[in-house]
There are 2 protein chains.
Amino acid sequence: MIRVNLIGYGNIGVHLARAFQRASEVELQRIWVRKLPEPTDHLFTTTFADWPAADIDIICVADKAIAEIVSQKPDTARLTVHTAGSVSVDALSTFSNRGVLYPLQTFSKNKAVDFTQVPFCLETALAADYALLQQLAQIISPKTYPVSSLQRKQLHLSAVFVCNFVNHMYRIGEEICAENQLPYEILQPLIAETAEKIKHLPPSQAQTGPAIRFDQPTIDAHLQLLNPGPYAEIYQQLTLSIQAHVQKL
Amino acid sequence: MIRVNLIGYGNIGVHLARAFQRASEVELQRIWVRKLPEPTDHLFTTTFADWPAADIDIICVADKAIAEIVSQKPDTARLTVHTAGSVSVDALSTFSNRGVLYPLQTFSKNKAVDFTQVPFCLETALAADYALLQQLAQIISPKTYPVSSLQRKQLHLSAVFVCNFVNHMYRIGEEICAENQLPYEILQPLIAETAEKIKHLPPSQAQTGPAIRFDQPTIDAHLQLLNPGPYAEIYQQLTLSIQAHVQKL
């Protein structure tokens, strides 16, 4: 049985709490929150005064709140970890046994998460602590990876491209459709297939479209449709970036 | 029974041919190709000399080859259409009965296509021809939409954003992983969930990440990781574009 406390109950905390409560090998003891949820129950607390000892304390607050938590939370757990993609394990340096449990996924409070599909990136400052962290992670997901703080920063950066920036591309598509009285659903199958394709083909080999074909008449026509407007420059820049890859070959 | 000829046997032609051959309501009569495939069969021809009359001739060659086909193909079909996203129906103006059958999907020759999931954008110069084109399209897909030439151009432009540019984002993620000894598969669940999420939530409401949180320390850290390099400017520009949306609200 692994005894766990959570500090924070945002997008990640909510889903971790649910997963731990379902797992018979984990005892979720306490959840620290800034403000008690309504309705609340015995799990929640707003103070560290009666903080129970645990095997692992998991800090899953917003990145910028981690320092404040570090200054308040007692060092009563065998291991203290945070869940942030872009924060070094050294942010927890007041805890002798520290680490990171970073689930690489995009979370929404109102959408269930299938943790068995989520890769967990694990790091501990001391090699001896790794097995415990891995044991906890593997209770909720078969996909665990040892990832150093530097690697994790780079991974978080990749995630900005393949998730946040990708969603912005979807949004631009949505806007163009709306402005032209086209239902957005018409783009859905293309979006799904584009994501599906790269399960079998590396993105470097899956590129299609006017940029990679150096189809200048189509590129010019698109730029004309976009000009003036906020997206012409993005179109231009991404087209050149796709073409730069081809010239490198 | 709808009699069909194909002109062109590239990514779209191959998949249309397979779908028509499986459909009992369609008779695929002839496929014009520049060079006979090996092994070939009676379906294929490199000449328009003995071109059979048909209900619909479908021109599915590369955009820039359409004009050449138009100058050669006899006007023996009840209706002649092309399949190009960014070419006006007027490119076929030598045919009195003309139209467009644009499947909005990304095709790879070696990957099977489930046409029942592909939206077909339909247009005919004469309203009287629309029913025939819709009848053919609905044999292979339940999703057909009337889309004008101008709308289709805008839709093709959207597709560049949600497919081609999205794939480039995947590629940048792939590169960052490779440079940091991280397996690319680690990004796959995030990519799948990002595409899945917007089936239920409009992209305008699904945005996450440091840009929309105006999390400048993380943005600065990412730019530092990217500098010097080809992607710092893309990161900067997309971040500003995401933030511009927020300020509009």
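See above for the structure.
Residues numbered from 1 in each chain as written. Chains lettered and ligands numbered in written order. Predicted model: local features only at pLDDT ≥ 70, side-chain atom pairs only at ≥ 80, totals over all residues. Heavy atoms only, no water.

Visitor: Could you clarify how one ought to interpret the overall build of chain A in this entry?
Guide: Scanning chain A from terminus to terminus reveals eight helices and eight strands. For chain A, whose C-alpha radius of gyration is 22 Å, the value lies well above the compact-globule estimate of 18 Å for 249 residues. C-alpha atoms of chain A, sized along the principal axes, occupy 70 × 45 × 30 Å. Within chain A, buried positions represent 60% of all 249 residues. Of the roughly 10,600 Å² that chain A leaves accessible, carbon and sulfur atoms contribute 52%. (Helix = DSSP H or I, 4+ residues; strand = E, 2+ residues; numbered from the N terminus. Rg over C-alpha atoms; globule rule 2.2 N^0.38 Å. Buried < 20%, exposed > 50% of the residue type's maximum accessible area, 1.4 Å probe, protein only. Areas by Shrake-Rupley, 256 points an atom, 1.4 Å probe, with all protein chains shown as cover.)

Visitor: Sorry if this is basic, but what is going on with the packing of helix α4 (residues 149–179) of chain A against helix α7 (residues 216–226) of chain B here?
Guide: Each pair of packed helices gets described by two things: the angle between the helix axes and the distance between those axes. With their axes 10 Å apart at the nearest point, α4(A) and α7(B) run at an angle of 100 degrees to one another. It follows that α4(A) is roughly perpendicular to α7(B) by the angle criterion. Contacts from Lys153(A), Gln154(A), His156(A), Leu157(A), Val160(A) and Phe161(A) of α4(A) reach α7(B) at Thr218(B), His222(B), Leu225(B) and Leu226(B). A class-by-class count of the residues in the contact of α4(A) with α7(B) yields five nonpolar, four polar and one charged. (Axes fitted to C-alpha atoms, helices over the stretch in contact; angles between N-to-C directions. Parallel < 35°, antiparallel > 145°, perpendicular 65-115°, else oblique. Contact = heavy atoms within 4.5 Å. Nonpolar A, V, L, I, M, F, W, Y, C, P; charged D, E, K, R; others polar.)

Visitor: Would you explain the pattern of salt bridges in this entry?
Guide: As a working rule, side chains carrying opposite charge can pair if their charged atoms are close by. Tallied over the entire structure, the rule returns 18 salt bridges over all chains. Linking Arg171(A) and Glu175(A) is a salt bridge whose minimum nitrogen-to-oxygen distance equals 3.5 Å. Remark: Glu175(A) and Arg171(A) occur in helix α4; sequence separation between them is four residues, near one turn of the helix. Among the ionic pairs, Asp55(B) bridges to Arg78(B), the shortest N-O distance being 3.2 Å. In this pair, Asp55(B) is assigned in strand β4 (residues 54–59) and Arg78(B) in strand β5 (residues 77–82), connecting sequence segments 23 residues apart. On the basis of relative accessible area, Asp55(B) is assigned to the buried category, the value being 7%. (Salt bridge = Lys/Arg side-chain N within 4 Å of Asp/Glu carboxyl O.)

Visitor: Explanation requested: unusual backbone geometry in the structure shown.
Guide: In terms of backbone geometry, most residues other than glycine have negative phi values and most peptide bonds are trans. All names here are of chain A. Look at the link from Glu38 to Pro39: it is a cis peptide, with omega at -10 degrees. Residue position: Pro39 is located in the loop between β2 (26–32) and β3 (44–45). Not every positive phi belongs to a glycine, and Phe214 is a case in point at roughly 50 degrees.

Visitor: Would you take a moment to explain the pairing of strand β7 (residues 120–124) of chain B for this structure?
Guide: Looking along a regular strand, one sees the side chains alternate between the two faces of the sheet. All names here are of chain B. Burial within β7 is extensive, with five of its five residues counted as buried. Going residue by residue along β7, you find Phe120, Leu122 and Thr124 tucked away on one face and Cys121 and Glu123 tucked away on the opposite face as well. Examined bridge by bridge, strand β6 (residues 98–103) and β7 share five bridges and lie antiparallel to one another. Pairing of Val100 across the sheet is with Glu123, part of β7. Sheet analysis places β7 next to strand β8 (residues 144–146), joined by three bridges and oriented parallel. Bridging across to β8, Phe120 finds its partner in Thr144. Taking the sense of rotation as the criterion, the β-α-β connection linking β7, helix α3 (residues 130–140) and β8 turns out right-handed. (Pairing = 2+ DSSP bridges. Right-handed = clockwise from strand over helix to strand, strands pointing away.)

Visitor: Please explain the packing of aromatic side chains as it appears in this structure.
Guide: Any pair of aromatic rings gets described here by the distance separating the centres and the angle formed by the planes. Enumeration according to the criterion identifies 16 aromatic pairs over all chains in this entry. Measuring from ring centre to ring centre gives 6.4 Å for Tyr231(A) and Phe161(B), while their planes differ by 65 degrees; the resulting arrangement is edge-to-face. Here Tyr231(A), found in the loop between α7 (216–226) and α8 (232–248), pairs with Phe161(B), found in helix α4 (residues 149–179), and the two come from separate chains. Each of the two residues, Tyr231(A) as well as Phe161(B), counts as buried. Relative to Phe165(B), the ring of Phe161(B) has its centre 5.1 Å away and its plane inclined at 90 degrees; by these criteria the two rings are edge-to-face. One end of the pair, Phe161(B), and the other, Phe165(B), are both in helix α4, four residues apart, so they sit about a helical turn from each other. (Phe/Tyr/Trp six-rings, centres within 6.5 Å; stacked < 30°, edge-to-face > 60°.)

Visitor: Explanation requested: the relation of the copies chain A and chain B in the structure shown.
Guide: Superposition of the two copies of the chain requires a rotation about an axis and a shift along the axis. Least-squares fitting of chain A to chain B yields an RMSD of 0.0 Å, with the transformation described by 0.0 Å of translation along the axis and a rotation of 180 degrees. Both chain copies can therefore be described as sitting about a two-fold axis. Across chain A, the rotation axis passes nearest the C-alpha of Val166(A), at a separation of 2.7 Å. (Least-squares fit on C-alpha atoms with pLDDT ≥ 70 in both.)

Visitor: Would you mind going over the packing of α4(A) against α4(B) with me for this structure?
Guide: The geometry of α4(A) relative to α4(B) is characterised by a closest axis approach of 9 Å and an angle of 180 degrees between their N-to-C directions. Regarding the angle of α4(A) to α4(B), the classification is roughly antiparallel. The residue inventory of the contact of α4(A) with α4(B), partitioned by class, reads 22 nonpolar, six polar and no charged.

Take it as geometry only, folks, not as evidence of what the structure does.
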